Amino acid sequence: QVQLVESGGGLVHPVGSLRLSCSVSGTIFSIYATGWHRQAPGKQRDLVAVITSGGSTNYASSVKDRFAISRDNAKNTVYLQMNRLKPEDTAVYYCNIGPDGLGKYTWGQGTQVTVSS
């Protein structure tokens with residue numbers, strides 16, 4: 001059973017930084033793409049960043065040059081370094097992994113990030 005556990009969220013002031021972690025178990029982490037999405041209250045869940053098994057990355061335009069996604073295959077963990085945070089970055093952040101051979105993605109439970117003075 002694939003499980004993802006996010007950590008590192010919290011309350012931070014504008015222009016501050018946070019690093020989110022997502023620990024993955026129950027699958028061969030290194031062969032799958034992983035990503036971070038976020039969902040603000042009343043809004044849909046949107047892609048923030050994705051990293052492929054080969055290390056290629058892609059970002060939403062709203063976070064490019066402020067956020068950085070990375071992965072450590074030895075630790076089965078994907079990270080999201082968030083810098084110069086803005087109030088509009090406030091959301092629940094979710095990591096996912098996939099798709100598997102059936103086209104399925106598996107999601108974590110989410111971690112709250114609040115940017116406020």
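Structure shown above.
All values reported here derive from a predicted model rather than from experimental measurement. (Residues numbered from 1 in each chain as written. Predicted model: local features only at pLDDT ≥ 70, side-chain atom pairs only at ≥ 80, totals over all residues. Heavy atoms only, no water.)

Draft legend 1. Local environment of the nonpolar core. With 26 residues, the main nonpolar core has W36, V48, F67, I69, L80, M82 and Y93 as its most contacted residues. Of all elements in the fold, only β3 (18-25), β5 (46-51), β7 (67-72), β8 (77-82), β9 (91-97) and β11 (111-115) reach the threshold of two or more residues within this core. The contacts of M82, once residues within four sequence positions are left out, are G16, S17, L18, L20, R66, F67, Y93 and V113. (Core = buried A, V, L, I, M, F, W, Y, C linked by side-chain atoms within 4.5 Å. Buried < 20%, exposed > 50% of the residue type's maximum accessible area, 1.4 Å probe, protein only. Helix = DSSP H or I, 4+ residues; strand = E, 2+ residues; numbered from the N terminus. Contact = heavy atoms within 4.5 Å.)

Draft legend 2. Representation of the environment of S117 in the model. In this fold, S117 is placed in the segment after β11. In the structure, S117 is positioned 30 residues away from P87 in sequence and 8.6 Å away in space, judged by C-alpha atoms. Not counting chain neighbours up to four residues away, the residues in contact with S117 comprise H13 and P14.

Draft legend 3. Examining the sheet that holds β7 more closely. Ordered by their spatial adjacency, 4 strands build an open sheet running β1-β3-β8-β7, and the pairing between neighbours is antiparallel. A single partner strand is all that each edge strand has here, and the edge strands are β1 (3-7) and β7. Neighbouring strand axes in the sheet, compared pairwise and without regard to direction, differ in orientation by 15° on average. Sheet topology note: the β1/β3 ladder contains 5 bridges and is antiparallel. In the sheet register, L4 faces β3, and the bridge partner there is V24. (Pairing = 2+ DSSP bridges. Axes fitted to C-alpha atoms, helices over the stretch in contact; angles between N-to-C directions.)

Draft legend 4. A look at the packing of aromatic side chains. Here the structure, examined in full by the defined rule, presents 0 aromatic pairs. Across from the ring centre of Y94, 3.6 Å away, lies the NZ or CZ of R45, which sits over that ring. The ring of W107 has R45 lying over it, and the distance from NZ or CZ to the ring centre is 4.7 Å. (Phe/Tyr/Trp six-rings, centres within 6.5 Å; stacked < 30°, edge-to-face > 60°. Lys NZ or Arg CZ within 6 Å of the ring centre and 35° of its normal.)

Draft legend 5. Representation of the layout of surface pockets within the structure. Quantified by volume, the largest pocket comes out at close to 200 Å³. Lining the largest pocket are 13 residues, and of these R38, A40, K43, E88 and T90 sit closest to its centre. Partitioning the lining of the largest pocket into residue classes produces 2 nonpolar, 4 polar and 7 charged. (1 Å grid on protein atoms, 1.4 Å probe; cavity = no way out; pocket = protein on both sides within 12 Å on 5 of 7 lines; lining within 4 Å. Points joined across faces, edges and corners; volume = space filled by probe spheres on them. Nonpolar A, V, L, I, M, F, W, Y, C, P; charged D, E, K, R; others polar.)

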